[in-house]
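# Observations on chain architecture
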Amino acid sequence: MHDRGESVLEARHLRQSYGARQVLDDLSLDIGRGEIYALLGGNGAGKSTTLNIFLGFVRPDSGSARLCGIDPSAEPDRARAMLAYVPENVALYEHLSALENVDYFLHLAGADRDRETVIDPALDAVGLSADARDRRVGGFSKGMRQKVAIALALARHVPVLLLDEPTSGLDPRATGEFNALLQAARARNITTLMATHDLLSAAAVADRIGFLRDGRLDEEVAAGGGARFDVEALFRRYSEPRGRAAA
Ligand SMILES: Nc1ncnc2c1ncn2[C@@H]1O[C@H](COP(=O)(O)OP(=O)(O)O)[C@@H](O)[C@H]1O
Ligand SMILES: [Mg+2]
């Protein structure tokens, strides 16, 4: 399990506004190595903005972020070399097969792309079947696209996985497979930050859930795969309108 002493993703007093709209208001986060952390919040709560700060796409108005000790605002390329980002809709080369996509992205990243020792084991780990590997990804479902993206992350040996709304639009079976993927990533000590509005999915897979409300962390709960806490009580509390930022 993770060791909180070794913080892989760290946010300190982040503030971010767009025009008159303050999106993040003193957000601080500390995510340890090997931890699966779900950042939960409604539409417009600032989840994607937080991910974009770790990605170095958004420079916060104030406060700071660190990813493996690197400031993504100052050194975006170094920070991005440490992470894999899985957006809500994974963009792949539609006319290439799953295998060719992984091979090509590894080539772009300047990473080792040996089929036998790197690519096949990564595709095995995410459970992409042998026949699916050679099919063009043009017809792939969202769940299969995520498998390709996570296989790429495993093949690159990145320590950090950032996911934006990974379970929206997945059916229950694909959600189950996705949860297993994250457990496989955790078994390799990968640190995962997933932004989601889906409490049940967060509860099923996350070690910790942070509730983002009014631009800051309203509450954090240890989830531990859903077994150790009362999802229903949490759901009621989470659903209360109290101070909830309007989208
Ligand atoms: N580049 C931008 N310019 C202006 N407003 C933005 C920009 N990015 C996000 N916002 C606004 O900031 C708020 C938070 O957005 P976002 O971080 O995407 O929330 P979430 O991912 O939690 O739904 C929303 O009201 C959104 O419209
Ligand atoms: Mg979002």
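Residues numbered from 1 in each chain as written. Chains lettered and ligands numbered in written order. Predicted model: local features only at pLDDT ≥ 70, side-chain atom pairs only at ≥ 80, totals over all residues. Heavy atoms only, no water.

### Some details on the overall build of the chain
From N to C terminus, the chain includes 9 helices and 9 strands. Over its C-alpha atoms the chain spans a radius of gyration of 18 Å, differing by no more than 12% from the 18 Å that the globule rule assigns to 247 residues. Residue burial in the chain is summarised as follows: out of 247 residues, 48% are buried. The long-range fraction of contacts in the chain, counting pairs at least 24 apart against all pairs at least 6 apart in sequence, stands at 65%. For the chain, the exposed area adds up to about 11,200 Å²; of that, 49% sits on carbon and sulfur atoms. (Helix = DSSP H or I, 4+ residues; strand = E, 2+ residues; numbered from the N terminus. Rg over C-alpha atoms; globule rule 2.2 N^0.38 Å. Buried < 20%, exposed > 50% of the residue type's maximum accessible area, 1.4 Å probe, protein only. Contact = heavy atoms within 4.5 Å. Areas by Shrake-Rupley, 256 points an atom, 1.4 Å probe, with all protein chains shown as cover.)

### Quick notes on the site of ligand 1
Residues in contact with ligand 1, as listed here, are Tyr18, Arg21, Val23, Gly42, Asn43, Gly44, Ala45, Gly46, Lys47, Ser48 and Thr49. At a separation of 2.8 Å, an oxygen atom of ligand 1 approaches a polar backbone atom of Gly44. In the complex, 59% of the free accessible area of ligand 1, which totals 560 Å², lies under the protein chains. A class-by-class count of the residues in the shell around ligand 1 yields 3 nonpolar, 6 polar and 2 charged. (Near = heavy atom within 4 Å. Polar contact = N/O pair within 3.5 Å; in protein donor to acceptor, adjacent residues only side chain to side chain. Nonpolar A, V, L, I, M, F, W, Y, C, P; charged D, E, K, R; others polar.)

### Regarding the packing of helix H3 (residues 98–109) against helix H6 (residues 142–156)
Running from N to C, H3 and H6 cross one another at 40 degrees; their axes reach a closest spacing of 10 Å. Taken together, H3 and H6 sit at an angle that is classed as oblique. For H3 against H6, the interelement crossing comes out right-handed. Taken together, the residues of H6 that come into contact with H3 (itself represented by Ala98, Asn101, Val102, Phe105, Leu106 and Ala109) are Val148, Leu152, Ala155 and Arg156. (Axes fitted to C-alpha atoms, helices over the stretch in contact; angles between N-to-C directions. Parallel < 35°, antiparallel > 145°, perpendicular 65-115°, else oblique. Left-handed = near helix turned anticlockwise from the far one by under 90°.)

### Here's the deal with the pattern of salt bridges
Overall, the coordinates contain 19 salt bridges when judged by the stated rule. Between Arg216 and Asp25 there is a salt bridge; the shortest N-O distance is 2.8 Å. A residue pair is termed long-range when its members are at least 10 positions apart, and Arg216 in strand S9 (residues 216–222) and Asp25 in strand S2 (residues 21–32) qualify at 191 residues. Note that Asp120 is salt-bridged to Arg115, the shortest N-O span being 3.1 Å. Bridged by salt links that share partners, the residues Arg115, Asp120, Asp124 and Arg133 form one connected network. (Salt bridge = Lys/Arg side-chain N within 4 Å of Asp/Glu carboxyl O.)

### Concerning the nonpolar core
Formed by 50 residues in total, the largest nonpolar core has its most connected members in Leu128, Ile150, Leu161, Leu163, Leu182, Ile209 and Phe211. Looking at which element gives the most residues to this core, the answer is H6, with 8 residues. Residues lining this core come from more than one domain, with at least three contributed by each of domain 1 (1–82 + 159–247) and domain 2 (92–158). Once residues within four sequence positions are removed from consideration, Leu161 is found in contact with Ala84, Val86, Ala153, Leu182, Ala185, Ile190, Thr191, Thr192 and Leu193. One finds Leu29, Ile31, Leu67 and Val160 within the second-largest nonpolar core, a separate group that totals 25 residues. (Core = buried A, V, L, I, M, F, W, Y, C linked by side-chain atoms within 4.5 Å. Domains from an automatic or database assignment.)

### A word on the domain arrangement of the chain
Each assigned domain of the chain is listed with its residue range as follows: domain 1 (1–82 + 159–247) and domain 2 (92–158). Taking the mean C-alpha position of each, domain 1 and domain 2 sit 25 Å from one another. Counting residues at the interface gives 16 residues for domain 1, matched by 12 residues for domain 2. A combined buried area of about 1,200 Å² lies between domain 1 and domain 2, and 63% of that area is made up of carbon and sulfur atoms. The tally of links between domain 1 and domain 2 comes to 1 salt bridge. (Buried area = accessible area lost by both parts, 1.4 Å probe.)

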